[in-house]
Amino acid sequence: MEAFQSLMDGFAICFQWQYLMFTILGCLVGTIIGVLPGVGPAAGTAMLLPLTFGMSPTASIIMLSAIYYGAMYGGTITSVLLNVPGEAASAITCLDGHAMAKKGRAGSALAIAGIGSFIGGTVATFGLVLLALPLTRFALKFGPPEFFSLMLVGLSLAVALASKSMVRALIAAVMGLLLAMIGIDPVMGAPRFTFGEKSLLDGIGIVPIAMGLFGIGELLLTAEGSKSSVINTRLREMWPSWQEFKTSFWPIIRGTGIGFFMGLIPGVGVLVPTFISYAVEKKISKTPEKFGTGMIEGVAAPETANNAYCNAAMIPLFTLGIPSSAVIAIIMGAFMMNGLIPGPFLFKEHPDFVWAVIASFYVGNLILLIMNLPMIPLWVSFLRIPIPILYTLILGFCVIGSYSAEHSVFEVGLTLVFGLLGYAFKKLDIPLAPIILTVILGPLMERALRQSLEMSRGDFSIFFTRPISAVLLGLSLVFVITSLMKMTPQVKEDQEV
Amino acid sequence: MPTMKRPYQITASILFALSALITYESLQLKYYTSLGPGPGFFPFWISLCLAILSLVMFYQATFKKSDPRPEDFIESHLGYLRALGICVAWIWATAMLERLGYRLTMLVFFPFLLLALGRVKWYMIVLLTLLGSIVTFYVFSIQLSVPLPVGPFDGIFEPIDNLLY
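This report concerns the structure included in the present document. Just so we're clear, the structure is a prediction, and the values are computed from it rather than from any experiment.

**Some thoughts on the overall build of chain A**
Each helix and strand counted, chain A has 21 helices and 2 strands in total. Expected size for 497 residues packed as a compact globule is a radius of gyration near 23 Å; at 22 Å, chain A falls within 12% of this value. Projected onto the principal axes, the alpha-carbon positions of chain A cover approximately 70 × 60 × 45 Å. Counting only residues that meet the buried cut, chain A has 61% of its 497 residues in that class. Intrachain contacts of chain A at a sequence separation of at least 6 include 80% that bridge at least 24 residues.

Shown next, in the form of structure tokens:
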């Protein structure tokens, strides 16, 4: 009851006209970001961070969250209409969504995706309301050793699931930790790895790293490569038939469940629930051979799972302070820039802010549902913007963003350095998500580790003798071992081939 | 068929050199203090992890079957020129933003990038340059309260400033 009362208070705040406006604006901009090729949700959120600098913390996080789930929906539009996923999570939707578009059922596919996304997102947010306070109370029992072990769980999952190669994923995670160590030491205040550069004393901000790795790196790659051609499709028959509604019902329910539970696990990434939900639908279908030829279940389930995951992924962030994905890590960075540390104390110290943001998730999902269907032709028109114009505008915006984070050209230069690093890592198939996760978690991990060792006077057994910490460490070990075991037969198979 | 063997060998070598530098730097910091682990404790172990991982990467690239090189690993000269154009424009912005101010810097940045990335009609170049330099400056500085740098020659924009302020 306490949670619902707080949620109602949150609604009272987020229905104020300025917050409502920021939610609508975030949904609009996010959808455009999702539609544009080469600009994923992570890059888009990083690029748009500067827009929120002059705002209050509540307005800032409401808008960034709206950009996030707007971008996820925007990706669906290009998957269905053009067979080009605007972002990775919509890749699986291309299979049946685009096949439906070719049959003149693009409107149906997008409508079902929108409805599924709304249901998935709303149910996941309801889960957030239900779980937030119990999880927060549980997390309040955590001391530094438990927090260190918890962050290790998040990290091991991110590494285990991020890449085909665990070595490459680990390298990415270690690189992020090293970047996080630049600047003043969080416990004793000694400068580290600044090489005499005063601008590095405060460490490297999240904006140049995220914008460089995800934004500039991606633009360099796309500008260098060949362009995908735009396929013209007509948006006939916008509304799904009654039969399509009926067929989509259970896939939407299953997609919601899969997306929600995957969202609770830090590090899973949005691709996993969408692929699992698609695989489940194909497995239980009476006509699995028809998947890929325009089955509505192939759109409904992954799109629902996608949005349920995105909203559920906010649960570990809000309650434990653990980002589940690159975008959530960037949003966590925005929390920190506003002087707010996500985690159990957030509900205690800033309840108005937390509940207003949670309430805005409901409002945002509803706005996306109402707004997106009639506006699909407008979103598609963004794809007709010539690439030189589009990229020049994005890069101009990135210059402003990287400068205004710290009002320093040093940050602008750093953004290019990280852009080149992101470009090289993408070429080498080194995943970028673990870098951003560890950049955010690195200082928190180091502080928790050092405080734990101070508590135990240097005795590492503190991590194994405290039950919650021991269980969490055991879990992270299980995740790493199982993912290593999964990789071994794959390597053998490859070698046999 | 070309493989990823050489790129991974080079990457592993660079990462190993980086880890050696960080290990050396972290040894200059206090490893342990009377209060507990010092500022050099965490970086030392992390850099050691990087060294081990880079050795594993080198071993895998050299002695295990390498992944085939993706078709788009090496692009056309024109593609590289476009990417280079982005880098040059960005370096210009970094170097000039505080020297010339936002508006003058962007009056060069926008047309250069538009021409470097492809064919754009001249009136679009003029329109986008004005939009990206002058209009954006006012939107961010006035509407969004995000101040952008002003240079010594920004007096030339005084008539516009008088109009808008």
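**Things to note about the nonpolar core**
Grouped together as the largest cluster of nonpolar side chains are 204 residues, with contacts concentrated most on Met151(A), Ala210(A), Ile330(A) and Ile436(A). The element contributing the most residues to this core is helix H4 (residues 57-82) of chain A, with 15 residues. Looking at this core, you find at least three residues from each of domain 1 (5-71) and domain 2 (77-164) of chain B. If near-sequence neighbours (up to four positions away) are discounted, Ala210(A) is found in contact with Ala42(A), Ala46(A), Ile330(A) and Ile436(A).

**Thoughts on the environment of Gln18(A)**
With respect to the helices, strands and loops of the structure, Gln18(A) is situated in helix H2 (residues 17-35). C-alpha of Gln18(A) to C-alpha of Ala101(A): the two residues are 83 residues apart in sequence and 37 Å apart in space.

**Quick notes on unusual backbone geometry**
Most peptide bonds take the trans form, and the phi angle of most residues other than glycine is negative. All names here are of chain A. Even without being glycine, Phe195 reaches a positive phi, approximately 50 degrees. Backbone geometry at Asp429 places phi at a positive 60 degrees, although glycine is not the residue there. Note on placement: Asp429 falls in the loop between helix H18 (409-427) and helix H19 (433-455). A count of 16 C-beta atoms within 10 Å places Asp429 in the partly exposed class.

Thresholds, definitions, all that
- Residues numbered from 1 in each chain as written.
- Chains lettered and ligands numbered in written order.
- Predicted model: local features only at pLDDT ≥ 70, side-chain atom pairs only at ≥ 80, totals over all residues.
- Helix = DSSP H or I, 4+ residues; strand = E, 2+ residues; numbered from the N terminus.
- Rg over C-alpha atoms; globule rule 2.2 N^0.38 Å.
- Buried ≥ 20, exposed ≤ 12 C-beta atoms within 10 Å, placed from the backbone.
- Contact = placed C-beta atoms within 7 Å.
- Core = buried A, V, L, I, M, F, W, Y, C linked by C-beta atoms within 7 Å.
- Domains from an automatic or database assignment.

Read these as layout, nothing more, since geometry by itself doesn't imply function.
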